[in-house]
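Remarks on the overall topology
The chain contents come next:
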Amino acid sequence: MGLFDRISRVVKANLNDLVNKAEDPEKILEQSVTDMQEDLVQLRQAVASAIATQKRTQTQYNQAESQSNQWQQRAQLALQKGDETLAREALVRKKSHADTAATLKASLDQQSAQVESLKRNLIGLESKISEAKTKKDMLKARISAAKAQEQLNNSIGSLNTGSSMAAFDRMEEKVLQIEARAGASAELAAGGSNLEEQFRLLESGGDVDDELAQMKAQLTGGSVSQGQLPAAGKTAARSSESSQVIDAELEELRSELNKM
């Protein structure tokens, strides 16, 4: 490969890369439709010109055909009058116009075919332009949606959601710790209240126990005092004497009840 070919390929590659980067889909679509509409205008002008040429040829053909017929009638008239020279001249004129009419007829047929072809192309181009406009609008809508999605993705990607979620997790952990401390405080407060209540009950029940012990002591004939206990012998003697006294009192109570 020669140096010139290599340079040419490099230049083409760079130019293609620049063109690809510079292409804006929306602008290219608009320009494509504009170009097609310009082609449509030119095609309409071509169709109009072809139709005008066809009409002009048709007029010339009609005139040549009419003159040919006219000279044919003149030749017949001259021959009827016995003037063969004049009839011959009329036939020469008739042939000239007939040849012109034949040439114009061939051109007219060719122009008619060309006009029909141009008309079909015109109809096809109009249909393509209509389809292109519809497709252009659809593609532009898709381009707008894609750009909006890309912008949204970029916005979401730029957000520091990881640190935000981590902050939420830390705050949730702190809330759980605060709730745990509050529950523990409630339990401690409830336990202290129960303990105080138990001691209060013990303190309130001490008087009853002391009174009960005193009553027992009275029944046994002794007294109870803290820090000193009666001797066993003395306790037994006092118990015997007390029992005798109680028995006598009970016997007396029964006698009184029987008398009543």
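Residues numbered from 1 in each chain as written. Predicted model: local features only at pLDDT ≥ 70, side-chain atom pairs only at ≥ 80, totals over all residues. Heavy atoms only, no water.

**Some details on the overall build of the protein chain**
From N to C terminus, the protein chain includes 5 helices and 0 strands. Along its sequence from the N terminus, the protein chain presents helices and strands in the succession α-α-α-α-α. Across the protein chain, the fraction of contacts at a sequence separation of at least 24, relative to all contacts at a separation of at least 6, is 75%. (Helix = DSSP H or I, 4+ residues; strand = E, 2+ residues; numbered from the N terminus. Contact = heavy atoms within 4.5 Å.)

**Side note on the packing of aromatic side chains**
Per the stated rule, a full pass over the model turns up 0 aromatic pairs. Directly above the ring of Trp71 sits Arg74, whose terminal nitrogen or CZ lies 4.5 Å from the centroid. (Phe/Tyr/Trp six-rings, centres within 6.5 Å; stacked < 30°, edge-to-face > 60°. Lys NZ or Arg CZ within 6 Å of the ring centre and 35° of its normal.)

**A short note on the side chain of Lys136**
Topologically, Lys136 is positioned in helix α3 (residues 84-158). According to the relative accessible area criterion, Lys136 is buried, its value standing at 12%. Among residues more than four places away in sequence, those in contact with Lys136 are Leu29, Glu30 and Val33. (Buried < 20%, exposed > 50% of the residue type's maximum accessible area, 1.4 Å probe, protein only.)

**Details of the nonpolar core**
If you look at the biggest cluster of nonpolar residues, it comprises 9 residues: Leu40, Leu43, Val47, Ala50, Val115, Leu118, Leu122, Leu125 and Ile129. Where this core is concerned, the elements lending two or more residues are α2 (25-80) and α3. Among the elements that take part in this core, α3 stands out by supplying 5 residues, more than any other. Those residues in contact with Leu40, other than ones at most four positions away along the chain, are Leu122, Leu125, Glu126 and Ile129. Tyr61, Ala101, Leu104 and Leu108 belong to the second-largest nonpolar core, a separate cluster that totals 5 residues. (Core = buried A, V, L, I, M, F, W, Y, C linked by side-chain atoms within 4.5 Å.)

**What to know about the environment of Ala90**
Its location among the elements puts Ala90 in helix α3. You can call Ala90 buried: its relative accessible area is 4%. Taking the C-alpha atoms as reference, Ala90 lies 8.2 Å from Ala78; in sequence the two are 12 residues apart. Other than its neighbours up to four places away in sequence, Ala90 contacts Trp71, Arg74 and Ala75.

**Examining the pattern of salt bridges**
Counted according to the given criterion, the structure contains 7 salt bridges. A salt bridge links Lys105 to Asp109; its shortest N-O distance comes to 2.9 Å. With Lys105 and Asp109 both in helix α3 and 4 residues apart, the pair spans about one turn of that helix. Among the residues examined, Asp109 registers a relative accessible area of 41% and is labelled partly exposed. Counted as one network, the salt bridges with shared partners bring together Glu30, Lys136, Asp137 and Lys140. (Salt bridge = Lys/Arg side-chain N within 4 Å of Asp/Glu carboxyl O.)

**Some thoughts on α2**
Since the α-helix advances by 3.6 residues per turn, residues separated by three or four positions end up pointing in the same direction. Under the 1.5 Å per step criterion, the end-to-end length of α2 is 81 Å for 56 residues, consistent within 8% with the ideal 82 Å. Note on α2: the residue one or two positions beyond its end, Gly82, has a positive phi of about 90°. (Expected span 1.5 Å × (residues − 1).)

**Looking at the confidence of the model for the protein chain**
Detailed reading of the predicted model is not advised wherever pLDDT is low. Per-residue confidence for the protein chain gives a mean pLDDT of 78; residues scoring 70 or more make up 68%. Mean pLDDT values over the elements of the protein chain span from 62, in helix α5 (residues 232-259), up to 90, in α2. pLDDT under 50 marks residues 223-233. Its contacts with residues more than four places away, or in other chains, come to 4 contacts. (pLDDT = per-residue confidence, 0-100.)

**A word on the environment of Leu125**
Turning to its location among the elements, Leu125 is positioned in helix α3. For Leu125, a relative accessible area of 16% translates into the label buried. If we skip the residues at most four places from it in the chain, Leu125 touches Met36, Asp39, Leu40 and Leu43.

**A word on the environment of Val33**
If you trace the backbone, Val33 turns up in helix α2. Once the C-alpha coordinates of Val33 and Lys136 are considered, the two residues, 103 residues apart in sequence, prove to be 8.2 Å apart. The contact partners of Val33, leaving out residues within four places of it in the chain, are Ala132, Lys133 and Lys136.

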